[in-house]
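Structural overview
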Amino acid sequence: MIRKYRESLCLKKKQFARLIKLDPGTLRCWDNDEKQVFKL
């Protein structure tokens, strides 16, 4: 979901992480489904 949104904006991971003020490593984990974005 996050990857599709980021790609729809034509942004690289680092650019998108900066835009949403997030650590690039965390974004990478979210992009690769290694970490949950929200805990349910």
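Just above, that's the structure.
Let me begin by describing the structure that accompanies this report. Fair warning: this is a prediction, and the values are worked out from it, not measured in the lab.

Rules behind the numbers
- Residues numbered from 1 in each chain as written.
- Predicted model: local features only at pLDDT ≥ 70, side-chain atom pairs only at ≥ 80, totals over all residues.
- Heavy atoms only, no water.
- Helix = DSSP H or I, 4+ residues; strand = E, 2+ residues; numbered from the N terminus.
- Buried < 20%, exposed > 50% of the residue type's maximum accessible area, 1.4 Å probe, protein only.
- Contact = heavy atoms within 4.5 Å.
- Patch = residues over 30% accessible without salt bridge, like charges linked within 9 Å, V, L, I, M, F, W, Y side chains within 5 Å.
- Areas by Shrake-Rupley, 256 points an atom, 1.4 Å probe, with all protein chains shown as cover.
- Salt bridge = Lys/Arg side-chain N within 4 Å of Asp/Glu carboxyl O.
- Phe/Tyr/Trp six-rings, centres within 6.5 Å; stacked < 30°, edge-to-face > 60°.

By secondary structure assignment, the location of Leu11 is in the loop between helix H1 (2-8) and helix H2 (13-19). Leu11 sits in the partly exposed class, given a relative accessible area of 23%. Excluding its chain neighbours within four sequence positions, the residues that come into contact with Leu11 are Arg6, Phe16 and Leu19.

Residues Tyr5, Leu9, Leu19 and Ile20 make up a contiguous nonpolar surface patch of about 380 Å² in total accessible area. For Tyr5, the location among the structural elements is in helix H1. Among the residues examined, Tyr5 registers a relative accessible area of 48% and is labelled partly exposed.

In this structure the tally under the stated criterion is 1 aromatic pair. Note on Tyr5 and Phe16: the rings are 6.0 Å apart at their centroids and 70 degrees apart in plane angle, and the pair reads as edge-to-face. In this pair, Tyr5 is assigned in helix H1 and Phe16 in helix H2, connecting sequence segments 11 residues apart.

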